[in-house]
2 protein chains.
Amino acid sequence: MKKLTFIFFAALILSSTVKGQTDGIANKDNSNIGAPASSNVRASKYPMILPDSRAVFHVKAPDAQKVQLDLGKKYDMIKNNEGIWEVTTDSLTEGFHYYSLLIDGVAVADPSSESFYGMGRMASGIEVPFKGDGYYAVKNVAHGDVRMKRYYSSVTKTWRRFYIYTPAGYDANINQKYPVLYLMHGGGEDERGWSTQGKTDLILDNLIAEKKAKPMLIVMLDGNVGNGGFSESSLKAFESELKECIIPVVEKEYRVKTDSKNRALAGLSMGGIQTLYAGIKNTQLFSYLGVFSSGWLPNLDGVAEAQYEFMKTNSGLINTNLKQFWISQGGKEDIAHRNCQIMLSKFKDLKIKYSYSEYPGGHTWPVWRNNLYNFAQLLFK
Amino acid sequence: MKKLTFIFFAALILSSTVKGQTDGIANKDNSNIGAPASSNVRASKYPMILPDSRAVFHVKAPDAQKVQLDLGKKYDMIKNNEGIWEVTTDSLTEGFHYYSLLIDGVAVADPSSESFYGMGRMASGIEVPFKGDGYYAVKNVAHGDVRMKRYYSSVTKTWRRFYIYTPAGYDANINQKYPVLYLMHGGGEDERGWSTQGKTDLILDNLIAEKKAKPMLIVMLDGNVGNGGFSESSLKAFESELKECIIPVVEKEYRVKTDSKNRALAGLSMGGIQTLYAGIKNTQLFSYLGVFSSGWLPNLDGVAEAQYEFMKTNSGLINTNLKQFWISQGGKEDIAHRNCQIMLSKFKDLKIKYSYSEYPGGHTWPVWRNNLYNFAQLLFK
């Protein structure tokens, strides 16, 4: 990270002289003006981040007819004499972005980058540094572990897995018990999402070192239960998995506090719907709910309406039990923004207390990292 | 796993009627005769394993000119009217195999499979079930955790990571100390290799449950130190990383026994060279060495010769210190076989005691899983 930062700043000094030189022009050597993305596989020079947050992508494909980069926006790549296709993007926004290469129309992962389970497959990701990214940098602080834990689910009748963050000191402080945040990924992702794309361990390591968050365990579970998605049967299966399998395993195998004041539930997108479904019904179990980039969808066969009805009857109980009902969106460009606003106006009618904030960036991991950073600071205090 | 086994056996019943129907013919629906590989991403039907261990691969690429499957052997895929390319392979050997799709000549990961860091990039893998694969099946036994541990390396001056297997009961048995196996991946792989491709936790969970192996910790470290590869400077850097950084961190942060009788060192391919280099010189630290699919390479600027010279002078000490010097090859088809035989004849001349075995399968993960299975049973007894 230090090395990258150094190259980044060295490059910054040169930036005024190079602007515009690489746009759409293949066959340039950019190695003295940019730095490999930290998401590259070992020793790969490309994708390369330029000082102004544009990025240069390369792929060798001498026999391909057409190669594109798909970063949400599609870029045509241009082939040079050596069969290397190149493109320089527009300036990219902060943090982690999924992307694909389209090689003669087939969306594949870039062999130069790490892959991440997202979009329902192993997809490429690029990490764009920015001025405010220190909160998930690897710093000289005490670091917790992330553990991969297998358990048998009596709901799905299969062996499943969750990831669990244990803060620094967990092994040594054998008489200490910890509060727990249960944290859910989005659709097309799994238990790896929050650990890898989300940088959960680093965000918490840094917050705990600065005493901005309480030491806590974070269970990053696999929310793909039932037929998946948002049907009531899937949401019910998720609730059962959480209550009957995951929480009991965590409370048996780890030193955790087991009262509602020391349990939180949060999730992004699909995981936000799961939080709404399993959280609102169970405020006797969870004192903190976090809903990131989510909101009830229309046409869920009455699931939302049933929840609003439950809220109407139980608003007093919900408001008393929840110390935080924390709802956030990635600004107006977040695809969940509209559904969320409709839901919030309903909450207002029902006199449900919540807090609401926006962090620009749309429906993306940079927003959710920031959500975790802010939400974790409010927990268990 | 159970579900897959069921489908597998259901398919077996049908197999006599379907043999030969899918060879090289696109546009067939194979779903009633095969089962999705366990290495597929969620919900992907292909790659599909047929009852006779052939596999059917699919990829949608309507605009590609040529698509091949590279499983070591290259197969031409054939396009159907819907733009789906298909091929049925020969019967595949047991266990895990890396593979690529070649889309108009570009080697990429298959979007239908999980990706694994190997060959220096995120590569596809396919898991082929076989009769003897129960030793790494997920069974109803007590399971250990695999933890991802960050540490600062004073050798590389960077934050690095190892994976560490802690056996079932490690958290509860707070007065117990454990022996440790330090285990290295091959070239083009990293600390994820033994955990993911190697199924280390499952192999040990099953062995420990059957009391065939002692409960132990296994440190799966990142052997990519120095300039990489086999130069003496890289091997020296590796030795420093192991002795000055990794072992001290493990012995500080985990409850482990710290005498040589309770330390083992092993590795595959490049990791076998690292074991030879750092192990033979340090038998006061390690009573067990495991060298899988490896052997000194010629032309390493005298590194092997210096080691033979050291062995000549210290053969008595080495033979006394080592309780196991366990060397194995994946049969004659293992690319390291010849170098290993030359090395072993040298060991004989030098009167160095070792054990030698072969498990057919070449230079591949099925061999190394089996190596770990056998080697672990010999340790710390």
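Located above this text is the structure these notes cover.
Predicted, not measured: the structure shown is a model, and the values here were computed from it.

About the thresholds
Residues numbered from 1 in each chain as written. Chains lettered and ligands numbered in written order. Predicted model: local features only at pLDDT ≥ 70, side-chain atom pairs only at ≥ 80, totals over all residues. Heavy atoms only, no water. Helix = DSSP H or I, 4+ residues; strand = E, 2+ residues; numbered from the N terminus. Rg over C-alpha atoms; globule rule 2.2 N^0.38 Å. Buried < 20%, exposed > 50% of the residue type's maximum accessible area, 1.4 Å probe, protein only. Contact = heavy atoms within 4.5 Å. Areas by Shrake-Rupley, 256 points an atom, 1.4 Å probe, with all protein chains shown as cover. Lys, Arg positive; Asp, Glu negative; His and termini not counted. Charge placed at Lys NZ, Arg CZ, Asp CG, Glu CD. Least-squares fit on C-alpha atoms with pLDDT ≥ 70 in both. Axes fitted to C-alpha atoms, helices over the stretch in contact; angles between N-to-C directions. Left-handed = near helix turned anticlockwise from the far one by under 90°. Nonpolar A, V, L, I, M, F, W, Y, C, P; charged D, E, K, R; others polar. Buried area = accessible area lost by both parts, 1.4 Å probe. Salt bridge = Lys/Arg side-chain N within 4 Å of Asp/Glu carboxyl O. Pairing = 2+ DSSP bridges.

## Quick notes on the overall build of chain A
Inference 1: A tally of helices and strands in chain A yields eight helices and 19 strands.
Inference 2: Against the globule reference of 21 Å for 381 residues, chain A gives a C-alpha radius of gyration of 22 Å, in line with a compact fold.
Inference 3: Seen through its C-alpha atoms, chain A measures out along the principal axes to roughly 70 × 50 × 40 Å.
Inference 4: Counting every position in chain A, which comprises 381 residues, the buried fraction comes to 59%.
Inference 5: The contacts in chain A between residues at least 6 apart in sequence include a share of 70% that link residues at least 24 apart.
Inference 6: Accessible surface for chain A amounts to roughly 15,100 Å². Of this, 53% is attributable to carbon and sulfur atoms.
Inference 7: A gap of 6 Å separates the mean positions of the 45 positive and 38 negative side-chain charges of chain A.

## Digging into the relation of the copies chain B and chain A
Inference 1: Once chain B has been moved 0.0 Å along the axis and rotated by 180°, it coincides with chain A to within an RMSD of 0.0 Å. Both chain copies can therefore be described as sitting about a two-fold axis. Every residue of chain B has its C-alpha some distance from the rotation axis, and the shortest such distance is that of B:Arg147, at 2.1 Å.

## Structural notes on the packing of helix 3 (residues 200–209) of chain B against helix 8 (residues 365–376) of chain B
Residues and elements named next belong to chain B.
Inference 1: At their nearest, the axes of helix 3 and helix 8 sit 10 Å apart, and the two run at 35° to each other. Crossing handedness for the pair helix 3 and helix 8: right-handed. Contacts between helix 3 and helix 8 involve Thr200, Ile203, Leu204 and Leu207 from the former and Arg369, Leu372, Tyr373 and Ala376 from the latter.
Inference 2: Residues of the contact of helix 3 with helix 8, tallied by class, amount to six nonpolar, one polar and one charged.

## Overview of the interface of chain B and chain A
Inference 1: Chain B puts 47 residues into the contact, and the matching count from chain A is 47 residues.
Inference 2: Taking both sides of the interface into account, the surface hidden between chain B and chain A amounts to around 3,800 Å²; carbon and sulfur atoms contribute 54%.
Inference 3: Between B:Arg42 and A:Glu191 there is a salt bridge, with its nearest N and O atoms 3.9 Å apart.
Inference 4: Looking at the side of chain B that touches chain A, the elements with two or more residues in it are strand 3 (55–60), strand 9 (106–108), strand 10 (115–118), strand 11 (121–128), strand 12 (145–153), strand 13 (158–166), helix 2 (192–196) and helix 3 of chain B.
Inference 5: Considering every element that reaches the side of chain B that touches chain A, the biggest residue donor is strand 12 of chain B, with six residues.
Inference 6: Of the residues that constitute the side of chain B that touches chain A, the class distribution is 21 nonpolar, eight polar and 18 charged.
Inference 7: Pairing geometry for strand 12 (residues 145–153) of chain A and strand 12 of chain B, over three bridges, is antiparallel. Note that in strand 12 of chain B the partner of A:Arg147 across the bridge is B:Arg147.

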